[in-house]
Structure formats: structure tokens, C-alpha cells
Amino acid sequence: MSDHEQQQQPAPGRGKVLDALIRAERKVFTRPVPKSAKAQVKFLLTRAKGSTKALAERLGVSRRTVERYRAGKLTTPQKRLQAALVEEIESEWQPQVRAQAREQASISSGMMVDVTAHFGFTCTGSSDDGRQRTITTAISPTYVKQILQLQEAGATEEDLHPIVAKAITESYFTEWGTRADGLRADFTDVQSIEFRF
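Values in this document were obtained by computation on a predicted structure and should not be read as measured data.

J.: Would you mind showing me how to read the nonpolar core here?
T.: As a rule of thumb, nonpolar side chains are buried together in soluble globular proteins. In this structure, Val115, Phe119, Phe187 and Phe195 are the most contacted members of the largest nonpolar core, which totals 31 residues. Elements supplying a minimum of two residues to this core: helix H2 (16–26), strand E1 (111–122), strand E2 (131–139), helix H8 (141–152), helix H9 (157–173) and strand E3 (184–196). A per-element tally of this core places H9 first, with 7 residues. Residues contacting Phe119, with those up to four places away along its chain left out, are Gly130, Arg131, Arg133, Ile135, Ile168, Phe173, Ala185, Asp186 and Phe187. Within the second largest apolar cluster, 18 residues are counted, among which are Val66, Ala84, Leu85 and Trp93.

Structure representation (C-alpha cells):
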């Protein structure tokens, strides 16, 4: 499996749209995240205010395991723990940088989306049958704000699909309301999706 294919596989419990939003945020980091297990545990302990118990619960391991990684006695975590460390680190890393990127996208710059999915249409007099398309288009700040607010509120993949489809319809299919008045596009069977702030 290629790196690109691995990136497109959503994390357990998340869909492709939610995963793409998280990846987009992680691309704005200005410093590399800690690589060694010891450095990762030390960073996460600072975020947990030094509580090995709280960090152990977050990672799904014992307090003793956290203490061993902090001390450098253990250096190579098992796959499950390594994945948990990476997930937790990246969710906590550079919150101000992420917040600035999200705010700028919501207010002025919007964001780009690259998506390959099946698009179906609803419009009076439309003769264009739905089909799989690969689309790259801008999403306006208005829709970016709605998408990010839904994400923060804990929206599911199904909650995000209609607003992302509406954003793509407006920018790509109706060209900001200049053509195909009343067109509505829905997308399903998402093969791949990437967002860029």
C-alpha cells in the first residue's frame, strides 16, 4: 500500500472527511512533532499537568508504562501505543498555529478541496447523470466556518457531507451563483479527499 493510500484510510471511528480536516490542520505545523517515545511522553505529561494517571488513561496503558517511557527505560512502543502517542501528540501540538489557520480560513482565505467521489445532481431540466468526478476547487470562508464549527461540535461524517457538497456545488458547479441556478449536488462513495488551508 502506498503512502498516499495509507493517508486516505480514515482512523477507526472517523470518516474520510473528518480525517482530511485533521490532516489539513497538521500540515500547518511550523515545528516538527517529537519523534522518540520518551519525548512524546514528556510532552504529553506537560499537557496533562504532570499526571501520569491521566496520561495513562488517555493512552490506554498503565501508569508504570508511562513512567518507564518518561525515564527512557522503554523506547519502542507497540503499534497500538505508538499510534495512540502520535494521535495524542498531533492533537495537542501547536494549538495556536492551528487556531490561527482555522480563523484565517473562516474569515478571509477559505480553503481548497481535492476530492474524488460520486456526484449526483438535482436540478430542473438537468440532463447530467451523476458520476464519479475528481474535483479541485476553493471553498468560501462562509462554508469553511460552518464546516469547522460542525467539526468542533463533534459532527459525524454524515453531518459534514451535505455542507461539503453544498460548498463544492457553489464554487465548482454553479460558479458562485453565475450558472446552473437551483443545482444541488450530493456526493457519496468518497474515494479520496484532501483539504488545504
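Next comes the rest of the write-up.
J.: In this structure, what is going on with unusual backbone geometry? I would like to understand it.
T.: Leaving glycine aside, a negative phi is the common case for residues, and trans is the common case for peptide bonds. With phi around 55 degrees, Lys49 is a residue other than glycine that occupies positive phi space. One can find Lys49 in the loop between helix H3 (37–47) and helix H4 (52–59). Judged by its relative accessible area of 77%, Lys49 is exposed. One non-glycine residue, Asp189, adopts positive backbone phi at about 50 degrees. Mapped onto the secondary structure, Asp189 falls in strand E3.

J.: It is not clear to me how the pattern of salt bridges should be interpreted in this structure. Could you clarify?
T.: Oppositely charged side chains can pair when the atoms bearing their charge come close. Considering all chains together, one arrives at 13 salt bridges under this definition. Between Glu88 and Arg58 there is a salt bridge, with its nearest N and O atoms 2.3 Å apart. In this pair, Glu88 sits in helix H6 (residues 79–92) while Arg58 sits in helix H4, placing the two residues 30 residues apart along the sequence. Residue Glu88 is classed as buried on the basis of its relative accessible area, which comes to 18%. Between Arg64 and Glu67 there is a salt bridge whose closest N-O contact spans 3.8 Å. Of the two residues, Arg64 and Glu67 are both situated in helix H5 (residues 63–71); the distance of 3 residues between them amounts to about one turn of the helix.

J.: Looking at this structure, I do not really get the side chain of Thr52. What am I missing?
T.: Along the chain, the position of Thr52 falls in helix H4. Not counting the four nearest positions on each side in its chain, Thr52 is found in contact with Leu45, Arg63, Val66, Glu67 and Arg70.

J.: Teacher, can you tell me more about the side chain of Ser140 here?
T.: As for its position among the elements, Ser140 is in the loop between E2 and H8. If near-sequence neighbours (up to four positions away) are discounted, Ser140 is found in contact with Gly110, Glu170 and Trp176.

Definitions and cut-offs
- Residues numbered from 1 in each chain as written.
- Predicted model: local features only at pLDDT ≥ 70, side-chain atom pairs only at ≥ 80, totals over all residues.
- Heavy atoms only, no water.
- Core = buried A, V, L, I, M, F, W, Y, C linked by side-chain atoms within 4.5 Å.
- Buried < 20%, exposed > 50% of the residue type's maximum accessible area, 1.4 Å probe, protein only.
- Helix = DSSP H or I, 4+ residues; strand = E, 2+ residues; numbered from the N terminus.
- Contact = heavy atoms within 4.5 Å.
- Salt bridge = Lys/Arg side-chain N within 4 Å of Asp/Glu carboxyl O.

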